Amino acid sequence: SLESLFTQLEQLEEKKVDQFNVSYQASDQEIINGLQYGQFVPFFQPHINATNNQICGAEALVRWQHPKIGVLSPDAFLKKLTKLGLINKLTLTILDLAIATCVSWHQQGTQYRISVNVSPLDLTDLNFADRVFEILNHYQLPAKYLTLEITETEICNHLGKALETMSRLRIKGVEISIDDFGTGSSSMLQLITSPFRELKVDQFFVRNMFVDPKSYTAVKASLYLAKHLNLRSVAEGVETEEQAKELKHLGCNILQGYNYSPALPAEKFLQWCQHFQSK
Ligand code: C2E
Ligand code: MG
Ligand code: MG
Ligand code: MG
């Protein structure tokens with residue numbers, strides 16, 4: 001029932017966490033089977049438009065619904081899954097499910113955007129852009145609703161091919177976001193030469209913006225850079241109303257974090273949105 005849903009959500013919100021089990025050491029075979037049997041699914045964390053306080057989309061974050069252990073966070077399996085050569089398969093699985101879910105939101109009258117994390121290894125595969133277009137076509141989602149998030153730490157090793165894939169995606173309207181901005185190792189040159197549409201301020205700076213004046217400066221400078229490079233700005237890890245207020249004041253476009261909600265299972269997302277908008 002709605003009532004029990006909100007009780008659960010309140011408990012989640014009280015805990016202010018969406019880090020599920022991260023210490024479980026899964027075996028290779030468990031990961032292989034889990035992918036085959038559809039145990040890897042996206043949860044959805046709302047994106048709030050800082051100007052009008054309306055929900056404007058969500059980030060899909062992978063969770064492993066392990067039959068014996070329960071829900072596992074990416075920190076528990078992403079590295080190993082990547083070593084097993086399965087990251088491309090995971091990305092396409094999450095893309096497919098996230099886009100299908102986004103289309104179902106549109107069918108219920110919203111225009112939410114969907115952001116999906118991709119690995120730099122995906123971008124080095126020159127077939128990747130076509131796979132993305134196939135999924136968009138299959139569900140009939142216009143490309144402009146899809147953002148792909150890429151972590152800057154990871155791009156620099158594979159710059160040539162990654163640039164080509166990003167350009168192909170961008171030409172057809174898919175938007176590219178630079179994730180964890182400021183804690184990776186990309187250069188300013190890379191920032192201005194890559195076809196990014198969005199910049200995500202790393203949560204490290206957001207978390208420390210009132211703790212450490214240098215973090216505040218990093219947030220401010222990142223938002224300044226985004227604005228003047230014509231990039232949409234997103235602050236992740238927004239945990240308090242004070243942070244939200246200051247980020248709005250500094251011109252941040254989109255807010256994401258436990259101050260609003262942790263990542264939610266698909267079936268709870270729209271109910272959360274209705275609840276939020278009625279406040
Ligand atoms: P990310 O893309 O930077 O995602 C943000 C992380 O911060 C998520 O952790 C999210 O749950 C967490 N978070 C959100 N709001 C708050 C907050 O207010 N406070 C704090 N302390 N944390 C917050 P999560 O889900 O564990 O994901 C960790 C990383 O794993 C992601 O970082 C992303 O790099 C990667 N990842 C997640 N899903 C996927 C996926 O489907 N594919 C790939 N390739 N990577 C993924
Ligand atoms: Mg991300
Ligand atoms: Mg991030
Ligand atoms: Mg991260």
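Our subject is the structure that appears above.
Conventions we followed
- Within any chain, residue numbers begin from 1 and follow the written order of that chain's sequence.
- Each chain is given a letter, starting from A, and each ligand a number, starting from 1, according to the order in which they appear as written.
- With the structure being a predicted model, the display of local features is reserved for residues of pLDDT at least 70 and the display and counting of side-chain atom pairs for 80 or more, all residues being used for whole-chain, interface and lining totals.
- In computing side-chain properties, one takes all heavy atoms of the structure into account and sets aside hydrogens as well as water.
- Exposure above 30% relative accessible area and the lack of any salt bridge qualify a residue for a patch; like charges then connect within 9 Å, and the nonpolar side chains Val, Leu, Ile, Met, Phe, Trp and Tyr within 5 Å.
- Each accessible area value is a Shrake-Rupley result obtained with a 1.4 Å probe; residue values ignore everything except the protein chains displayed when judging cover.
- By definition, a salt bridge exists where a carboxyl oxygen of Asp or Glu is found within 4 Å of a side-chain nitrogen of Lys or Arg.
- Every helix listed is a DSSP run of H or I at least four residues long, and every strand listed is a run of E at least two residues long, numbered separately from the N terminus.
- Using a 1.4 Å probe on the protein chains alone, a residue whose accessible area is under 20% of its type maximum counts as buried, one over 50% counts as exposed, and one in between counts as partly exposed.
- In this analysis a donor is any N, O or S atom within 2.8 Å of a metal ion (3.2 Å for sodium, potassium and calcium), and since water is not included, sites may seem incomplete.
- Working convention: axes come from line fits to C-alpha atoms, limited for helices to the stretch in contact. Angles between N-to-C directions cover 0 to 180 degrees.
- Orientation categories follow fixed angle ranges, with anything under 35 degrees roughly parallel, anything over 145 roughly antiparallel, 65 to 115 roughly perpendicular, and all other angles oblique.
- Crossings are classed by handedness, with left-handed meaning an anticlockwise turn of the near helix from the far one by less than a right angle and right-handed meaning a clockwise turn.
- Contacts were defined at the residue level, with two residues in contact if any of their heavy atoms lie within 4.5 Å.
- Only Asp, Glu, Lys and Arg are considered charged in this grouping, and only Ala, Val, Leu, Ile, Met, Phe, Trp, Tyr, Cys and Pro are considered nonpolar; every other residue, Gly among them, is considered polar.
- For this analysis, a polar contact is any N or O atom pair within 3.5 Å, provided that within protein one partner can donate a hydrogen and the other can accept it, and provided that sequence-adjacent residues contribute only side-chain to side-chain pairs.

Participant: Any chance you could explain a nonpolar patch on the surface here in plain terms?
Facilitator: On the surface, a nonpolar cluster with roughly 280 Å² of combined accessible area is contributed by L189, I192 and L229. Locating L229 in the fold gives a position in the loop between α11 (213-228) and β8 (232-235). Residue classification places L229 among the partly exposed positions, given a relative accessible area of 32%.

Participant: So what exactly am I meant to see when it comes to the coordination of the magnesium ion (ligand 2) here?
Facilitator: By definition of the ideal shapes, a tetrahedral metal site with four donors has angles of 109.5 degrees and an octahedral site with six donors has angles of 90 or 180 degrees. Protein coordination at the magnesium ion (ligand 2) comes from E59 (OE), N117 (OD1), E149 (OE) and D179 (OD), with a distance range of 2.0 to 2.3 Å. Of note, the magnesium ion (ligand 2) draws all its donor residues from one chain, in the sequence arrangement E-x57-N-x31-E-x29-D. The metal-metal distance between the magnesium ion (ligand 2) and the magnesium ion (ligand 3) is 4.1 Å, with D179 serving as a donor to both. Of this pair, E59 sits in strand β2 (residues 55-66) while D179 sits in strand β6 (residues 175-181), and the two are 120 residues apart along the sequence. A relative accessible area of 3% places E59 in the buried class.

Participant: Would you mind going over the packing of helix α6 (residues 128-139) against helix α8 (residues 159-171) with me for this structure?
Facilitator: Think of two packed helices as two axes; the pair is described by the angle between the axes and how far apart they sit. Packing of α6 against α8 brings their axes to within 9 Å, and their N-to-C directions diverge by 25°. Considering their axes alone, α6 and α8 lie roughly parallel with respect to each other. As for how α6 packs across α8, the hand of that crossing is right-handed. Here F128, A129, V132 and F133 of α6 come into contact with α8, specifically with T165, R168 and L169. Here the contact of α6 with α8 is built from residues that sort into 5 nonpolar, 1 polar and 1 charged.

Participant: For this particular structure, what's the right way to read the side chain of K200?
Facilitator: Along the chain, the position of K200 falls in strand β7 (residues 198-201). By relative accessible area, K200 is classed as buried at 0%. For K200, the side chain forms a polar contact with the side chain of E59, separated by 2.8 Å.

Participant: I would appreciate a short explanation of the pattern of salt bridges in the present structure.
Facilitator: Between side chains of opposite charge, a pair can form when the charged atoms approach closely. In this structure the tally under the stated criterion is 10 salt bridges. Residues R232 and E175 are paired through a salt bridge, measuring 3.0 Å at the closest nitrogen-oxygen approach. Highlighted residues: R232 in strand β8 and E175 in strand β6, separated in sequence by 57 residues. For the pair R232 and E175, a shared accessibility class is recorded, and that class is buried. In this structure, E198 engages R232 in a salt bridge whose closest nitrogen and oxygen atoms are separated by 2.9 Å. Separated by 34 residues along the polypeptide, E198 in strand β7 and R232 in strand β8 bring together distant segments of the chain. Look at R232 and you get buried, because its relative accessible area is 12%. Overlapping salt bridges bring together R113, E175, R197, E198 and R232 as one network.

Participant: Honestly, the environment of F196 in this entry has me stumped. Any pointers?
Facilitator: In this structure, F196 sits in the loop between α9 (188-193) and β7. Considering only alpha carbons, one finds F196 and E149, 47 residues apart in sequence, at a separation of 9.6 Å.

Everything listed here is a matter of coordinates, which is why it stays silent on function.
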